[in-house]
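This is what each chain is made of:
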Amino acid sequence: FSRVVLASTEDVWTQQFERGALPNYGGAPGAYRNPTLVVFANGVSTGGCGDATSDVGPFYCPGDQKLYIDPSFYSVMERRLRAPGDFAQAYVIAHEVGHHVQNLIGSSRLKSRGETSNQNSVRVELQADCLAGVWGHTARASLQITDADLSEALTAAHAIGDDTLGHSDERSFTHGSSEQRKRWFRRGFDSGDARQCDTFAVQSSREL
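### Notes on the state of the cysteines
So, point 1. Applying the stated rule across the entire model yields two disulfides.
So, point 2. The disulfide partner of Cys-49 is Cys-61, and the gap between their sulfur atoms is 2.2 Å. Torsion about the S-S bond of the Cys-49 and Cys-61 cystine: about 95 degrees, corresponding to right-handed handedness. Of the two residues, Cys-49 is situated in the loop between strand S2 (43-45) and strand S3 (51-53) and Cys-61 in strand S4 (residues 59-61); the sequence distance between them amounts to 12 residues.
So, point 3. When its relative accessible area of 0% is taken as the criterion, Cys-61 is described as buried.
So, point 4. In this model Cys-130 forms its disulfide with Cys-197; the gap between the sulfur atoms is 2.0 Å. Residues Cys-130 and Cys-197 are joined through a disulfide that is left-handed, its torsion about the S-S bond being -70 degrees. Within this pair, whereas Cys-130 is found in helix H4 (residues 117-139), its partner Cys-197 is found in the segment after helix H6 (178-191), the two being separated by 67 residues in sequence.

Below you can see the structure in the form of structure tokens.
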């Protein structure tokens with residue numbers, strides 16, 4: 001299943017990069033380069049981000065351009081976070097691929113002036129949500145994505161918002177609120193245009 005979703009993201013982003021339909025951060029990213037998916041259990045050693053356990057959840061390592069996923073996280077989503085379904089899982093993969101896209105176009109290295117590292121992290125994460133939505137829009141026909149599938153993805157986005165996960169202080173947010181995550185994923189899904197995903201063009205983090 002993960003390979004099918006990953007292959008779909010490769011098709012979508014190869015096309016988007018060829019068209020140049022991307023946020024512009026001052027340099028041409030060139031052709032899309034496919035990331036590698038690493039499926040692991042319990043713990044893993046990366047080629048650029050050190051060692052990690054399953055507790056960190058799925059993640060992308062820019063140092064080796066690989067996505068790391070322990071499938072047990074899908075059970076956590078279903079049971080603890082109440083976000084079941086195949087498309088909820090697909091959203092997770094597409095979000096991590098979104099981080100790969102950011103690495104290629106340079107937005108993952110941007111620093112917003114006058115903002116904390118947490119506020120900057122929220123911009124990065126919300127952009128990855130939006131890019132995941134662009135994938136969903138573009139792959140809708142080929143993967144036969146239904147309204148029920150979209151609902152699964154939005155439920156997942158809501159479930160992993162900082163506030164829903166129990167963080168009450170916005171200053172501690174690193175991924176964005178549930179409403180922000182849903183809104184930016186929906187923005188990408190409805191538009192299908194990665195240029196609409198420029199969270200760094202929003203002047204104030206309060207306006208995200």
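### Considering the nonpolar core
So, point 1. With 51 residues, the main nonpolar core has Trp-13, Phe-17, Met-77, Tyr-91, Trp-135 and Phe-185 as its most contacted residues.
So, point 2. Looking at this core, the elements with two or more residues in it are helix H1 (2-19), strand S5 (66-69), helix H2 (72-79), helix H3 (86-105), H4, helix H5 (147-159) and H6.
So, point 3. It is H3 that provides the largest number of residues to this core, a total of 11 residues.
So, point 4. In contact with Trp-13, other than residues within four places in its own chain, are Leu-22, Tyr-32, Val-97, Val-101, Leu-131, Val-134, Trp-135 and Ala-194.
So, point 5. Within the second largest apolar cluster, six residues are counted, among which are Phe-40, Ala-52, Phe-59 and Cys-61.

### Comments concerning the packing of aromatic side chains
So, point 1. Within the structure shown, the criterion is met by six aromatic pairs.
So, point 2. Both rings, one in Phe-17 and one in Tyr-32, keep their centres 5.2 Å apart while their planes meet at 55 degrees; by these two values the pair is tilted. Here Tyr-32 lies in the loop between H1 and strand S1 (36-39) and Phe-17 lies in helix H1, a separation of 15 residues in the sequence.
So, point 3. Overall, Phe-17 belongs to the buried group, its relative accessible area being 6%.
So, point 4. Relative accessible area serves as the criterion here: at 10%, Tyr-32 is assigned to the buried category.
So, point 5. Summarising the aromatic geometry, the rings of Tyr-91 and Phe-185 are spaced 5.5 Å apart at their centres and angled 90 degrees between planes, so their arrangement reads as edge-to-face. Residue Tyr-91 is found in helix H3, and its partner Phe-185 is found in helix H6; the two are separated by 94 residues along the sequence.
So, point 6. For Phe-185, a relative accessible area of 0% translates into the label buried.
So, point 7. Following the ring pairs from residue to residue traces out a cluster consisting of Tyr-91, Phe-185 and Phe-189.

Scoring rules and cut-offs
As a convention, each chain's residues are numbered from 1 in the sequence order in which they are written. Whole-chain, interface and lining totals are the exception, using all residues; otherwise, since this is a predicted model, local features are given only for residues with pLDDT of at least 70 and side-chain atom pairs are given and counted only at 80 or more. In computing side-chain values, all of the structure's heavy atoms are included and hydrogens and water are not. Any cysteine sulfur atom paired with another within 2.5 Å is treated as part of a disulfide. Helical segments are the DSSP runs of H or I of at least four residues, strand segments are the runs of E of at least two, and each set is numbered from the N terminus. Here the term buried applies to any residue with accessible area under 20% of the maximum for its type, exposed to any over 50%, and partly exposed to those in between, with areas from a 1.4 Å probe on protein chains only. Each nonpolar core is a collection of buried residues, namely Ala, Val, Leu, Ile, Met, Phe, Trp, Tyr and Cys, held together in the definition by side-chain atoms within 4.5 Å. Contacts were defined at the residue level, with two residues in contact if any of their heavy atoms lie within 4.5 Å. To pair, rings of Phe, Tyr and Trp, with the six-membered ring standing in for Trp, must have centres within 6.5 Å; the planes then decide the type, stacked if under 30 degrees apart, edge-to-face if over 60, and tilted in the middle.

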